[in-house]
Amino acid sequence: MSERPTFGPSRAELRRFLRVFLGRGPVVFGAVVVTVFLILAVLGPLIAPYDPYFQDLNNVLSNPSRVHLLGTDSLGRDTLSRLIYGARITLVVGVVAVGMGAVIGTALGLVAGFTGGMTNTVIMRLIDALMAVPPLMFALVLSAMLGGGVKNVMVAVGLSLLPAFARLMCGQALTVKENDYVLAAKAMGARKLFIMLRHVLPNSLSPLIVQVTMTMGGAILMEASLSFLGLGIKPPQAAWGAMVFDGYRYLTTHPVLSFAPGAAVMLVVFAFNMVGDGLRDALDPRLRGLL
Amino acid sequence: MLFILSIVIFLVMRLLPGDPILMLITGDELSQSSEERIQALRREFGLDRPLPLQYLSWLKDVLRGDLGTSIVHRDKVEVEIRRRLPITIHLGVSAFALGILLGIPLGIISAVRRGTWWDSIVTFLANLGITAPPFWLGVLLIYFLGLYLKLLPIFGYTSPLEDFWMSVRQAIMPVICLAVYPVAATARQTRSSMLEVIPQDYIRTAWAKGLTERLVIARHALKNALIPVATLQGIILRFVLGGSVIVETVFNIPGMGRLAVEAIVAQDYPVVQGVILVVGIITILINLLVDLLYVFLDPRIRYE
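Just so it is clear, the model here is predicted, and its values are computed rather than measured.

## With respect to the overall build of chain B
Okay, step 1: Of regular secondary structure, chain B possesses twelve helices and zero strands.
Okay, step 2: Secondary structure elements in chain B, listed N-terminal to C-terminal, are α-α-α-α-α-α-α-α-α-α-α-α.
Okay, step 3: Across its three principal axes, chain B shows a C-alpha extent of roughly 85 × 55 × 35 Å.
Okay, step 4: For chain B, the residues scored as buried account for 39% of the 304 residues in total.
Okay, step 5: Considering only residue pairs separated by 6 or more positions, chain B has 73% of its internal contacts joining residues 24 or more positions apart.

In structure tokens:
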């Protein structure tokens, strides 16, 4: 008993994780973009050159220049500053929505998969029914009925992401619960909740982590789409989707007004997907030894 | 499943705070509308009755093919949907077909020629393609192809039966918007499942038998690689249906997607319920088709 028991991944495992994760160019690019995005979202007010809500009515629709790098919009607001503030809204909505969908969805899937029988049937039938509607349409209905705004968009997007998590976790629970250590825990008289939280959940974490990063991109895209349709985050708040829509009216003369926020959405979604891809390769046990 | 979906969508519409009558009245005559007028409208649309009764009478009508009457336009919902659904199907099926016709060959080529510049380009474009926001793609296309190069009309829809060439020209941009994700996602999935199949023993056997590359790839590798691709088509379908909401708004196309947006904005209960139900039916039918496709692709799968 000379060695102390260690928890979590060992040094070698961590090294392999980093080697695989950082081994592909696009993944590194994604990780860098995500980092920059996080910094902008947190430190936005310190970095943005202007107040994103200040309307300089003497200087509307100005072209990109030294003073306003991306020009100003129809109310004379600085586009670059609005983009930077938009990062914060995008991030908050994305994180909260994905968190909500992941926590509730995972809990439902865990209970359904582990308990089986009638509980499984009831929960999964409900999830199947929700899966029959495109998530974007479901989110649109929820957001409109709740009345839009940041909070309601989070709820709407979160609930529409929930079925995917429930299905993933249910499948995981069904596989993991057949393992001997679960049987051993049962034989020791452990309670169901304890087994679920202590054995089944931790052993399903890898695919969940991958799903969370992949879903971040989807959530951001969904929020932008809702805001673009006018059923998401309302003006004057600087949401990227709404900015694309605002700029759309001045497309002939000032295309940058809708190109820039759209490019921001695409870049961030691309980055999150790449990070998700990298995590999947690095965490997938089937690839151990191959990569 | 449809039954559960009908209950869920009914409850979502009724229990959340929105109210179509108030939306209708704020539109034109808020100042003169008295409480009595609101009550009268509520009674007219049966919104004053207890929820279970409202649901049962709606369900009874739906089973007879009657989806109710729009609160805003007072049109029959099923008539409206029947008029707009073909438009959405025309654009959606075109995008779906492009996804399969372009995506699978691209995926095969980049898997077979793994590591070449051709593979890098396809993989990069596919990764980009699955992230492109459809609304932004629409804006870009309108700017470059419509306004700058003046090649294509920037909005509207014409039935191919009415004016074939006009219809094709108007459909090009919306279909591209809808097809980018299907093509990219299908190419990615085809590539990765081909890469899983190619190292298998039976492929080596096929090569050893002296078969041509074309035969090995098409007959032996592709058929085994297609199952995950078929599964993906279910997800793509949901994307195309959801994307129609956006694309039809951007290009001002009077299809079912825009009907959904208009109804959702006006909180027009019967129309939203009808559209969601129809979308649900389409999704379930396509998923059934995918399940049947499995049997064709993998003879080990049998449905009793």
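## Looking at the interface of chain A and chain B
Okay, step 1: Residue-level contacts link 39 residues of chain A with 38 residues of chain B.
Okay, step 2: Contributing elements (two or more residues each) for the side of chain A that touches chain B: helix H4 (117–131), helix H5 (135–146), helix H9 (205–228), helix H10 (240–248) and helix H11 (256–283) of chain A.
Okay, step 3: With nine residues, the single largest contributor to the side of chain A that touches chain B is H5 of chain A.
Okay, step 4: Here the residues of the side of chain A that touches chain B sort into 30 nonpolar, seven polar and two charged.

## Overview of the packing of helix H11 (residues 256–266) of chain B against helix H12 (residues 269–297) of chain B
Residue and element names in this part refer to chain B.
Okay, step 1: Relative orientation of the contacting elements H11 and H12 amounts to 145°, with a least axis distance of 8 Å. When the axes of H11 and H12 are compared, the crossing they make is left-handed. Note on element contacts: H12 touches H11 through Val 271, Val 272 and Val 275, opposite Met 256, Leu 259, Ala 260, Ala 263 and Ile 264.
Okay, step 2: The class makeup of the residues in the contact of H11 with H12 is eight nonpolar, no polar and no charged.

## Describing the nonpolar core
Okay, step 1: Core analysis: the largest hydrophobic core is formed by 159 residues, its most contacted members being Met 137, Leu 140, Val 157 and Val 265 of chain A.
Okay, step 2: Here this core takes 17 residues from helix H10 (residues 213–250) of chain B, the largest share from any one element.
Okay, step 3: When residues of this core are assigned to domains, at least three map to each of domain 1 (2–63) and domain 2 (78–303) of chain B.
Okay, step 4: Those residues within four positions of Leu 140 of chain A in sequence are excluded, and the remaining contacts are Leu 226, Leu 229 and Leu 231 of chain A together with Val 245 and Ile 264 of chain B.

## Thoughts on the domain arrangement of chain B
The parts lose accessible area when they come together, and the size of an interface is often stated as this lost area.
Residue and element names in this part refer to chain B.
Okay, step 1: The assigned domain composition of chain B is domain 1 (2–63) and domain 2 (78–303).
Okay, step 2: Computed from C-alpha coordinates alone, the two centres of domain 1 and domain 2 are separated by 36 Å.
Okay, step 3: Residue-level contacts link eleven residues of domain 1 with eleven residues of domain 2.
Okay, step 4: Of all the secondary-structure elements, those providing two or more residues to the side of domain 1 that touches domain 2 are helix H1 (2–15) and helix H2 (20–28).
Okay, step 5: Element by element, the count of residues in the side of domain 1 that touches domain 2 is highest for H1, at six residues.
Okay, step 6: Per-class residue counts for the side of domain 1 that touches domain 2 are eight nonpolar, two polar and one charged.

## Comments concerning the environment of Gly 278 of chain A
Residue and element names in this part refer to chain A.
Okay, step 1: Residue position: Gly 278 is located in helix H11.
Okay, step 2: Linking Gly 278 and Leu 22, residues 256 residues apart in sequence, is a C-alpha distance of 7.7 Å.
Okay, step 3: With residues up to four places along the chain from it excluded, the contact list for Gly 278 reads Phe 21, Arg 24, Val 27 and Gly 30.

## Some details on the environment of Val 212 of chain A
Residues and elements named next belong to chain A.
Okay, step 1: Residue position: Val 212 is located in helix H9.
Okay, step 2: In this structure Val 212 comes out as buried when scored by C-beta crowding, with 21 C-beta atoms within 10 Å.
Okay, step 3: Along the chain, Val 212 and Val 98 lie 114 residues apart, while their C-alpha atoms are 6.9 Å from each other.

## Notes on helix H6 (residues 117–129) of chain B
Residue and element names in this part refer to chain B.
Okay, step 1: Its 13 residues place the ends of H6 18 Å apart at the C-alpha level, agreeing with the 18 Å of an ideal helix rising 1.5 Å per residue.
Okay, step 2: Looking only at H6, the buried set comprises Val 122, Thr 123, Ala 126 and Gly 129. One side of H6 carries all its buried residues, which in axial view fall inside an arc of 130°. Counted as exposed and oriented over 90 degrees from the buried face of H6: Trp 117, Ile 121 and Phe 124.

## A look at the confidence of the model for chain B
All names here are of chain B.
Okay, step 1: Confidence along chain B averages 82 in pLDDT terms, with 92% of residues attaining 70 or more.
Okay, step 2: When mean pLDDT is taken per element in chain B, helix H5 (residues 77–112) scores highest with 90 and H2 scores lowest with 63.
Okay, step 3: Reported confidences for the modelled complex are a pTM of 0.84 and an ipTM of 0.83.

## Observations regarding the packing of H10 of chain B against H12 of chain B
Helix-helix packing is characterised by the crossing angle of the two axes and by the distance between the axes.
All names here are of chain B.
Okay, step 1: Closest axis-to-axis distance for the H10/H12 pair is 10 Å, and the angle between their directions is 175°. Taken as axis vectors, H10 and H12 run roughly antiparallel relative to one another. The segment H10 lies against H12, with Lys 223, Leu 226, Ile 227, Ala 230, Thr 231, Gln 233, Gly 234, Leu 237, Arg 238 and Leu 241 engaging Val 279, Thr 283, Ile 286, Asn 287, Val 290, Leu 293, Tyr 294 and Leu 297.

Rules and cut-offs
- Residues numbered from 1 in each chain as written.
- Chains lettered and ligands numbered in written order.
- Predicted model: local features only at pLDDT ≥ 70, side-chain atom pairs only at ≥ 80, totals over all residues.
- Helix = DSSP H or I, 4+ residues; strand = E, 2+ residues; numbered from the N terminus.
- Buried ≥ 20, exposed ≤ 12 C-beta atoms within 10 Å, placed from the backbone.
- Contact = placed C-beta atoms within 7 Å.
- Nonpolar A, V, L, I, M, F, W, Y, C, P; charged D, E, K, R; others polar.
- Axes fitted to C-alpha atoms, helices over the stretch in contact; angles between N-to-C directions.
- Left-handed = near helix turned anticlockwise from the far one by under 90°.
- Core = buried A, V, L, I, M, F, W, Y, C linked by C-beta atoms within 7 Å.
- Domains from an automatic or database assignment.
- Expected span 1.5 Å × (residues − 1).
- Arc of directions from axis to C-beta.
- pLDDT = per-residue confidence, 0-100.
- Parallel < 35°, antiparallel > 145°, perpendicular 65-115°, else oblique.

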